[in-house]
Amino acid sequence: MKTRTLISAALVVLAATGCATWDGMSSREKSAAIGAGVGGVAGAVVTDGGLLGTVGGAAIGGVIGDQVGKRK
């Protein structure tokens, strides 16, 4: 079950990144988007695909990515 959840989450993240145009984004925005994607996948894996864990992980990952991008 975890493998299917991880693959599904990775495909969603990959599809979402393909929709974004990276040319007009700042380094901070790119870091926040990557952090949200990684956090969403991590939250989905930890909670076995739970909605709250996925959304919470994406939110926390986005905030962390934003802060990391601020330093670049």
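Cut-offs used in this document
- Residues numbered from 1 in each chain as written.
- Predicted model: local features only at pLDDT ≥ 70, side-chain atom pairs only at ≥ 80, totals over all residues.
- Heavy atoms only, no water.
- Helix = DSSP H or I, 4+ residues; strand = E, 2+ residues; numbered from the N terminus.
- Expected span 1.5 Å × (residues − 1).
- Buried < 20%, exposed > 50% of the residue type's maximum accessible area, 1.4 Å probe, protein only.
- Axes fitted to C-alpha atoms, helices over the stretch in contact; angles between N-to-C directions.
- Parallel < 35°, antiparallel > 145°, perpendicular 65-115°, else oblique.
- Left-handed = near helix turned anticlockwise from the far one by under 90°.
- Contact = heavy atoms within 4.5 Å.

*Asks:* Would you mind going over helix α2 (residues 27–46) with me for this structure?
*Replies:* For α2, which comprises 20 residues, the first-to-last C-alpha distance of 28 Å matches the rise-based estimate of 28 Å (1.5 Å per residue) to within 8%. Within α2 the residues assigned to the buried category are Ser 31, Ala 32, Gly 35, Gly 37, Gly 39, Gly 40, Val 41, Gly 43 and Ala 44. Positive phi appears at Asp 48, one or two residues downstream of α2, with a value of about 55 degrees.

*Asks:* Teacher, can you tell me more about the packing of α2 against helix α3 (residues 51–70) here?
*Replies:* For any two helices packed against each other, one specifies the inter-axial angle together with the distance between the axes. Packing of α2 against α3 leaves a shortest axis separation of 6 Å and a crossing angle of 150 degrees. Our classification of the angle between α2 and α3 gives roughly antiparallel. Where α2 crosses over α3, the handedness of that crossing is right-handed. Along the contact surface, α2 presents Ser 27, Arg 28, Ser 31, Ala 32, Gly 35, Ala 36, Gly 39, Gly 40, Gly 43 and Ala 44, while α3 presents Gly 53, Thr 54, Gly 57, Ala 58, Gly 61, Gly 62, Gly 65, Asp 66, Gln 67, Gly 69 and Lys 70.

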